Amino acid sequence: MSESKRVFLSSPSMGGGEQKYIAKAFDTNWIAPLGANVDEFEDVVARYVGASSALALNSGTAALHLGLKALGVQRGDIVFCSDLTFAASCNPICYEGATPVFIDCEPESWNMSPAALERAFEDHDPKAVVVVHLYGEPANMAAIKELCDARGVPVLEDAAESLGATVGGRHTGTVGMLGVYSFNGNKIITTSGGGMLVSDEGVLIDKARFWSTQARDKALHYQHSELGYNYRLSNVCAGIGLGQMEVLEDHIARKRAIRDAYAAAFAGNGQVALNPVDVYGLGNRWLTCLSVDPQSGVAPLDVIEALAKENIESRPIWKPMSLQPYYEKCPAYSHDGGERFVGWRIFEHGLCLPSDINMSEEDLGRVVDVVSRLFS
Ligand SMILES: *Cc1c(COP(=O)(O)O)cnc(C)c1O
């Protein structure tokens, strides 16, 4: 029996134009350090999302780090951050010696709970708030911005997963003072590894640009008055990004079709539900997630294992930061003020389904069959 074709969670999908931009980098011998592709990639992304300035970096994590630094976060500061997310959202807070305080999500959107945020504000005076748009779905930016604006606290949007999603008619990543995108291999578009920091505050981007290239003073003799980093995106990787921007809308359309197909396939199954979408805007459908009714007797891990047996990749929901050994001593605020966090329940009962735009209809049918069989 031949091994069935591997189905991936979310794999890279090249549009075809990437090679042309990479060739340009080779032809001009601008392989490194920077070059025309980097400048153009920044322009194209800034124009697409509607931000006035953009800085291309070698990861979304680096963009978050320099974003926090640009907001003046330093040792001893408090920074609020979404609790249900990937660790890269909050690790940079610790790079700067600040303390994260985690804010639970709300059941309606799986994103930051304004109620929990408001209670956290009663106890702390944070330097910044990091809001994640989880799995590509916009958070309640109107409510979150109102709470932060009233206290003069800047918002840094972790839009690593949500490039192309909009909220209140604006792109996620451009509602707060700063926004971050990731071009890691499994994101909606990829540069094989990369990130972008965007803002309408050009001075913040200029500052981050300075730090990202080793913080060299304007002198020939390698003088440094500040601590620098080597965080810039290469001209070759930026070429991949330029090709990927040409197919971003197509990727979103295909991710939406995957979500719609799952929704149709599981519509009659009362024991499973999909993650909420389009609650506050239009999501990009990066990953479609499944929540399993605890009464069903089927655990998310059973689903992940059954899929793995058929050579299909899926994975758990991000483990909330308030449950992480590294972060367990940090303060955290639940949605309803009780002991149990909404995010813990989502983590315990959910998983991410294959949401790969390279999947065929037949591949998707295989996923649906495996899941459906578990619940019959
Ligand atoms: C992927 C991701 C990041 C980090 O991006 P990298 O480019 O991998 O460094 C940050 N936050 C979230 C929510 C992510 O999913």
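How each quantity is defined
Residues numbered from 1 in each chain as written. Predicted model: local features only at pLDDT ≥ 70, side-chain atom pairs only at ≥ 80, totals over all residues. Heavy atoms only, no water. Helix = DSSP H or I, 4+ residues; strand = E, 2+ residues; numbered from the N terminus. Rg over C-alpha atoms; globule rule 2.2 N^0.38 Å. Buried < 20%, exposed > 50% of the residue type's maximum accessible area, 1.4 Å probe, protein only. Contact = heavy atoms within 4.5 Å. Areas by Shrake-Rupley, 256 points an atom, 1.4 Å probe, with all protein chains shown as cover. Lys, Arg positive; Asp, Glu negative; His and termini not counted. Charge placed at Lys NZ, Arg CZ, Asp CG, Glu CD. 1 Å grid on protein atoms, 1.4 Å probe; cavity = no way out; pocket = protein on both sides within 12 Å on 5 of 7 lines; lining within 4 Å. Points joined across faces, edges and corners; volume = space filled by probe spheres on them. Nonpolar A, V, L, I, M, F, W, Y, C, P; charged D, E, K, R; others polar. Axes fitted to C-alpha atoms, helices over the stretch in contact; angles between N-to-C directions. Parallel < 35°, antiparallel > 145°, perpendicular 65-115°, else oblique. Left-handed = near helix turned anticlockwise from the far one by under 90°. Pairing = 2+ DSSP bridges. Near = heavy atom within 4 Å. Polar contact = N/O pair within 3.5 Å; in protein donor to acceptor, adjacent residues only side chain to side chain. pLDDT = per-residue confidence, 0-100.

Q: Looking at this model, I keep getting lost on the overall build of the protein chain. Mind explaining?
A: Tallying secondary structure elements over the protein chain gives 12 helices and 15 strands in all. Against the compact-globule benchmark of 21 Å for 376 residues, the protein chain has a radius of gyration of 21 Å, which places it among compact chains. Counting only C-alpha atoms and orienting by the principal axes, one finds that the protein chain spans roughly 70 × 55 × 35 Å. When each of the 376 residues of the protein chain is scored for burial, the buried share is 57%. Long-range pairs, those at least 24 residues apart, make up 72% of the contacts in the protein chain between residues at least 6 apart in sequence. When the accessible surface of the protein chain is split by element, carbon and sulfur atoms take 52% of a total near 15700 Å². The average position of the 31 basic charges and that of the 47 acidic charges among the side chains of the protein chain differ by 4 Å.

Q: Looking at this structure, how should I read empty space enclosed by the protein?
A: To find leftover empty space, a probe the size of one water molecule is rolled over the atoms. With the rule as written, the count across this model stands at three cavities of 30 Å³ or more. Counted as a void, the largest cavity has a volume near 50 Å³. Forming the boundary of the largest cavity are 13 residues, of which Ser11, Ser13, Lys187, Ile188 and Ile357 lie nearest the centre. Counted by class, the lining of the largest cavity contains four nonpolar, six polar and three charged residues.

Q: Could you clarify how one ought to interpret unusual backbone geometry in this entry?
A: Most peptide bonds take the trans form, and the phi angle of most residues other than glycine is negative. One non-glycine residue with positive phi stands out, namely tyrosine 222, at about 50°. Positive phi is not limited to glycine here, since asparagine 311 has a value of about 65°. Among the secondary structure elements, asparagine 311 is positioned in the loop between helix H10 (300-309) and strand E13 (315-316).

Q: Looking at this structure, how should I read the packing of helix H5 (residues 114-123) against helix H6 (residues 141-151)?
A: To describe two helices that pack against each other, one gives the angle between their axes and the distance between the axes. Following both chains from N to C, one finds H5 and H6 inclined at 15°, their axes separated by 9 Å at the closest point. Of the possible angle classes, the one that applies to H5 and H6 is roughly parallel. In the packing of H5 onto H6, the handedness of the crossing is right-handed. Across the interface between the two elements, Pro114, Leu117, Glu118 and Phe121 from H5 touch Ala143, Ile144, Leu147, Cys148 and Arg151 from H6.

Q: What is the right way to look at the pairing of strand E3 (residues 99-103) in this model?
A: It is a general feature of regular strands that their side chains alternate between the two faces of the sheet. For E3, a buried count of four out of five residues is recorded, marking the element as mostly surrounded by other parts of the structure. Inspection of the sheet shows strand E2 (residues 78-82) paired to E3 by five bridges, in the parallel sense. From the neighbouring strand, serine 82 faces E3, where its bridge partner is isoleucine 103. As paired elements, E3 and strand E14 (residues 332-333) share two bridges and run parallel to each other. Within E14, the residue paired with isoleucine 103 across the bridge is tyrosine 333.

Q: Where do I start with the site of the ligand in this structure?
A: For the ligand, the set of nearby residues contains 16 residues, the closest of which are Gly60, Thr61, Glu161, Ser182 and Lys187. Within the backbone of glycine 60, a nitrogen or oxygen atom sits 2.7 Å from an oxygen atom of the ligand. Relative to its free-state accessible area of 380 Å², the ligand is covered by the protein chains to the extent of 93%. If you tally residues by element for the shell around the ligand, the top one is helix H3 (residues 60-70), at three residues. Taken together, the residues of the shell around the ligand sort by class into five nonpolar, eight polar and three charged.

Q: Is there a simple way to explain the packing of helix H2 (residues 36-49) against helix H8 (residues 235-245) in this structure?
A: One way to put it is that H2 packs onto H8 with a least axis distance of 8 Å and a crossing angle of 35°. Crossing of H2 over H8 shows left-handed handedness. Of H8, the residues touching H2 (which contributes Ala36, Asn37, Val38, Glu40, Phe41, Val44, Val45 and Tyr48) are Asn235, Ala238, Gly239, Gly241, Leu242 and Met245. Residue composition of the contact of H2 with H8, by class: nine nonpolar, four polar and one charged.

Q: What is the right way to look at the confidence of the model for the protein chain in this model?
A: On average, residues of the protein chain carry a pLDDT of 96, and 99% of them reach 70 or more. Confidence, read as mean pLDDT per element, is least for helix H1 (residues 18-27) in the protein chain (90) and greatest for strand E4 (residues 128-132) (99).

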